[in-house]
Amino acid sequence: EFSPPHVLEELTAAFKANEQHAYFECFAGLLGYASNLSTLKTAGFYIILALFFRLVILLDVHPRLGLLVQVARKCADDTFHFMLQFTLMYAMLSYLAFWSFSESRAEFSSISWSAYALFRYFPGEFEFPEEPPDTKFVVFLIIYVFVVFVMMINFLLAIV
(Lines give C-alpha, C1' and ligand atoms only; values in the text may rest on other atoms or scores of the structure.)
Protein backbone atom coordinates (compact mmCIF):
# COMPACT_ATOMS: atom_id res chain seq x y z
CA GLU A 1 0.00 0.00 0.00
CA PHE A 2 0.96 3.62 -0.21
CA SER A 3 2.37 5.09 2.93
CA PRO A 4 2.38 8.79 3.69
CA PRO A 5 5.90 10.20 3.61
CA HIS A 6 5.42 12.16 6.84
CA VAL A 7 4.45 9.20 9.04
CA LEU A 8 7.96 8.17 9.99
CA GLU A 9 8.91 11.69 10.98
CA GLU A 10 5.69 12.17 12.99
CA LEU A 11 6.13 8.85 14.80
CA THR A 12 9.77 9.61 15.56
CA ALA A 13 8.86 13.06 16.88
CA ALA A 14 6.02 11.59 18.99
CA PHE A 15 8.33 8.98 20.51
CA LYS A 16 11.03 11.56 21.20
CA ALA A 17 8.54 13.94 22.82
CA ASN A 18 7.08 11.05 24.81
CA GLU A 19 3.84 12.93 25.35
CA GLN A 20 0.34 11.58 25.13
CA HIS A 21 -0.85 14.49 23.00
CA ALA A 22 1.88 13.83 20.42
CA TYR A 23 0.88 10.16 20.19
CA PHE A 24 -2.78 10.99 19.70
CA GLU A 25 -2.00 13.62 17.06
CA CYS A 26 0.17 11.15 15.17
CA PHE A 27 -2.44 8.38 15.30
CA ALA A 28 -5.22 10.82 14.34
CA GLY A 29 -3.14 11.72 11.29
CA LEU A 30 -2.72 8.03 10.46
CA LEU A 31 -6.45 7.37 10.80
CA GLY A 32 -7.23 10.37 8.61
CA TYR A 33 -4.80 9.12 5.99
CA ALA A 34 -6.33 5.62 6.11
CA SER A 35 -9.81 7.11 5.72
CA ASN A 36 -8.69 9.21 2.76
CA LEU A 37 -7.04 6.19 1.16
CA SER A 38 -10.21 4.14 1.58
CA THR A 39 -12.28 6.93 0.00
CA LEU A 40 -9.80 7.21 -2.85
CA LYS A 41 -9.92 3.46 -3.48
CA THR A 42 -13.73 3.47 -3.46
CA ALA A 43 -13.84 6.38 -5.91
CA GLY A 44 -11.23 4.67 -8.09
CA PHE A 45 -13.27 1.47 -8.11
CA TYR A 46 -16.37 3.26 -9.41
CA ILE A 47 -14.38 5.25 -11.97
CA ILE A 48 -12.79 2.08 -13.36
CA LEU A 49 -16.19 0.39 -13.37
CA ALA A 50 -17.59 3.32 -15.40
CA LEU A 51 -14.64 3.02 -17.79
CA PHE A 52 -15.41 -0.69 -18.20
CA PHE A 53 -19.00 0.05 -19.19
CA ARG A 54 -17.76 2.79 -21.50
CA LEU A 55 -15.44 0.24 -23.16
CA VAL A 56 -18.33 -2.18 -23.66
CA ILE A 57 -20.43 0.57 -25.23
CA LEU A 58 -17.55 1.76 -27.42
CA LEU A 59 -17.03 -1.77 -28.71
CA ASP A 60 -20.49 -1.47 -30.25
CA VAL A 61 -18.92 0.64 -33.00
CA HIS A 62 -17.53 -2.50 -34.62
CA PRO A 63 -20.19 -4.91 -35.90
CA ARG A 64 -18.48 -8.05 -34.60
CA LEU A 65 -17.01 -6.65 -31.38
CA GLY A 66 -20.29 -5.08 -30.33
CA LEU A 67 -22.04 -8.40 -29.91
CA LEU A 68 -22.57 -7.94 -26.17
CA VAL A 69 -24.33 -4.59 -26.58
CA GLN A 70 -26.43 -5.86 -29.49
CA VAL A 71 -27.60 -8.89 -27.51
CA ALA A 72 -28.33 -6.72 -24.46
CA ARG A 73 -30.46 -4.36 -26.57
CA LYS A 74 -32.46 -7.17 -28.14
CA CYS A 75 -33.25 -8.92 -24.88
CA ALA A 76 -33.53 -5.89 -22.57
CA ASP A 77 -37.31 -6.09 -22.14
CA ASP A 78 -37.33 -9.83 -21.43
CA THR A 79 -34.33 -9.47 -19.12
CA PHE A 80 -36.06 -6.69 -17.18
CA HIS A 81 -39.16 -8.81 -16.62
CA PHE A 82 -37.01 -11.82 -15.72
CA MET A 83 -35.07 -9.77 -13.15
CA LEU A 84 -38.30 -8.40 -11.70
CA GLN A 85 -39.74 -11.89 -11.30
CA PHE A 86 -36.44 -13.31 -10.01
CA THR A 87 -36.03 -10.49 -7.47
CA LEU A 88 -39.54 -10.97 -6.11
CA MET A 89 -39.10 -14.74 -5.78
CA TYR A 90 -35.62 -14.39 -4.29
CA ALA A 91 -36.82 -11.81 -1.75
CA MET A 92 -39.76 -14.01 -0.78
CA LEU A 93 -37.56 -17.09 -0.37
CA SER A 94 -35.01 -15.06 1.63
CA TYR A 95 -37.74 -13.87 3.97
CA LEU A 96 -39.17 -17.39 4.24
CA ALA A 97 -35.73 -18.75 5.15
CA PHE A 98 -35.22 -16.01 7.74
CA TRP A 99 -38.66 -16.48 9.25
CA SER A 100 -38.51 -20.28 9.32
CA PHE A 101 -34.88 -21.06 10.13
CA SER A 102 -33.39 -18.03 11.91
CA GLU A 103 -33.56 -19.67 15.32
CA SER A 104 -32.00 -22.97 14.26
CA ARG A 105 -29.46 -21.99 11.57
CA ALA A 106 -27.00 -19.12 11.95
CA GLU A 107 -26.80 -18.35 8.21
CA PHE A 108 -30.45 -17.25 8.28
CA SER A 109 -30.18 -15.00 11.36
CA SER A 110 -31.31 -11.88 9.46
CA ILE A 111 -32.91 -11.16 6.11
CA SER A 112 -29.64 -9.90 4.66
CA TRP A 113 -27.79 -12.99 5.90
CA SER A 114 -30.59 -15.14 4.45
CA ALA A 115 -30.21 -13.47 1.07
CA TYR A 116 -26.44 -13.95 1.28
CA ALA A 117 -26.81 -17.63 2.23
CA LEU A 118 -29.20 -18.23 -0.66
CA PHE A 119 -26.77 -16.44 -2.96
CA ARG A 120 -24.07 -18.84 -1.76
CA TYR A 121 -26.44 -21.75 -2.37
CA PHE A 122 -26.82 -20.55 -5.94
CA PRO A 123 -23.50 -22.04 -7.19
CA GLY A 124 -24.08 -25.11 -5.02
CA GLU A 125 -22.27 -24.21 -1.81
CA PHE A 126 -24.53 -26.09 0.57
CA GLU A 127 -23.26 -26.61 4.11
CA PHE A 128 -25.03 -29.58 5.58
CA PRO A 129 -24.74 -30.16 9.33
CA GLU A 130 -23.66 -33.46 10.84
CA GLU A 131 -27.23 -34.32 11.78
CA PRO A 132 -29.91 -34.54 9.10
CA PRO A 133 -31.92 -31.33 8.59
CA ASP A 134 -35.58 -31.19 9.49
CA THR A 135 -38.32 -31.72 6.94
CA LYS A 136 -39.10 -28.01 6.57
CA PHE A 137 -35.52 -27.27 5.53
CA VAL A 138 -35.44 -30.12 3.02
CA VAL A 139 -38.73 -28.93 1.50
CA PHE A 140 -37.36 -25.38 1.35
CA LEU A 141 -34.17 -26.55 -0.37
CA ILE A 142 -36.13 -28.57 -2.92
CA ILE A 143 -38.32 -25.58 -3.74
CA TYR A 144 -35.33 -23.23 -3.89
CA VAL A 145 -33.31 -25.57 -6.13
CA PHE A 146 -36.27 -26.25 -8.40
CA VAL A 147 -37.37 -22.62 -8.72
CA VAL A 148 -33.98 -20.94 -8.88
CA PHE A 149 -31.75 -23.54 -10.48
CA VAL A 150 -34.06 -25.37 -12.81
CA MET A 151 -36.71 -22.85 -13.80
CA MET A 152 -35.20 -19.38 -13.47
CA ILE A 153 -31.77 -20.19 -14.92
CA ASN A 154 -33.39 -21.96 -17.85
CA PHE A 155 -35.64 -18.94 -18.38
CA LEU A 156 -32.60 -16.70 -18.42
CA LEU A 157 -30.80 -18.95 -20.88
CA ALA A 158 -33.87 -19.02 -23.11
CA ILE A 159 -33.99 -15.22 -23.15
CA VAL A 160 -30.40 -14.88 -24.32
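This text follows the structure it describes.
This one's a predicted model, so the numbers in the text were calculated from it and none came from an experiment. Per chain, residue numbering runs from 1 following the sequence as it is written. Owing to the predicted nature of the model, reporting of local features is limited to residues with pLDDT of at least 70; listing and counting of side-chain atom pairs is limited to 80 or more, with chain, interface and lining totals taken over all residues. For side-chain calculations, the full set of non-hydrogen atoms in the structure is used, while hydrogens and water are omitted.

(A) Summary view of the packing of aromatic side chains. Two rings from Phe, Tyr or Trp (for Trp, the six-membered ring) form a pair when their centres sit within 6.5 Å of each other. Planes less than 30 degrees apart are called stacked, planes more than 60 degrees apart edge-to-face, and all others tilted. Counted by the stated rule, this structure contains 13 aromatic pairs. A centroid spacing of 5.8 Å and a plane angle of 20° characterise the contact between F82 and F86, whose relative ring orientation is stacked. Of the two residues, F82 and F86 are both situated in helix α4 (residues 76-101); the distance of four residues between them amounts to about one turn of the helix. When the centroid spacing of 5.7 Å and the interplanar angle of 25° are considered together, the rings of F86 and Y90 count as stacked. In this pair, F86 and Y90 are both assigned in helix α4, four residues apart and thus about one turn of the helix distant. Residue F86 shares its accessibility class with Y90, and that shared class is buried. Secondary structure is summarised from DSSP: a helix means a run of H or I of at least four residues, a strand means a run of E of at least two, and numbering begins at the N terminus for each. Buried means the residue's accessible area, taken with a 1.4 Å probe over protein chains only, is under 20% of the maximum for its type, while exposed means over 50%, and partly exposed covers the values in between.

(B) Structural context of the pattern of salt bridges. We count a salt bridge whenever a side-chain nitrogen from Lys or Arg sits within 4 Å of a carboxyl oxygen from Asp or Glu. Applying the stated criterion across every chain yields a total of two salt bridges. In this structure, the salt-bridge partner of D60 is R73, at a minimum N-O distance of 2.9 Å. Of this pair, D60 sits in the loop between α2 (20-58) and α3 (67-74) while R73 sits in helix α3, and the two are 13 residues apart along the sequence. The class of R73 is exposed, set by a relative accessible area of 57%. R105 is the partner of E107 in a salt bridge, and the nearest nitrogen-oxygen pair spans 2.9 Å. For E107, a relative accessible area of 22% translates into the label partly exposed.

(C) Seen up close, the nonpolar core. Buried Ala, Val, Leu, Ile, Met, Phe, Trp, Tyr and Cys residues form a nonpolar core when they are joined through side-chain atoms within 4.5 Å. One finds F108, L118, Y121 and Y144 to be the most contacted residues of the largest nonpolar core, which totals 17 residues. Sorting the residues of this core by element identifies α4, α5 (111-121) and α6 (135-159) as the ones contributing at least two each. Counting residues per element, this core draws most heavily on α6, at seven residues. Aside from chain neighbours lying at most four places away, what touches Y121 is R105, E107, F108, F126, F137, L141, Y144 and F149. Contacts are assigned to residue pairs with any non-hydrogen atoms lying within 4.5 Å of each other.

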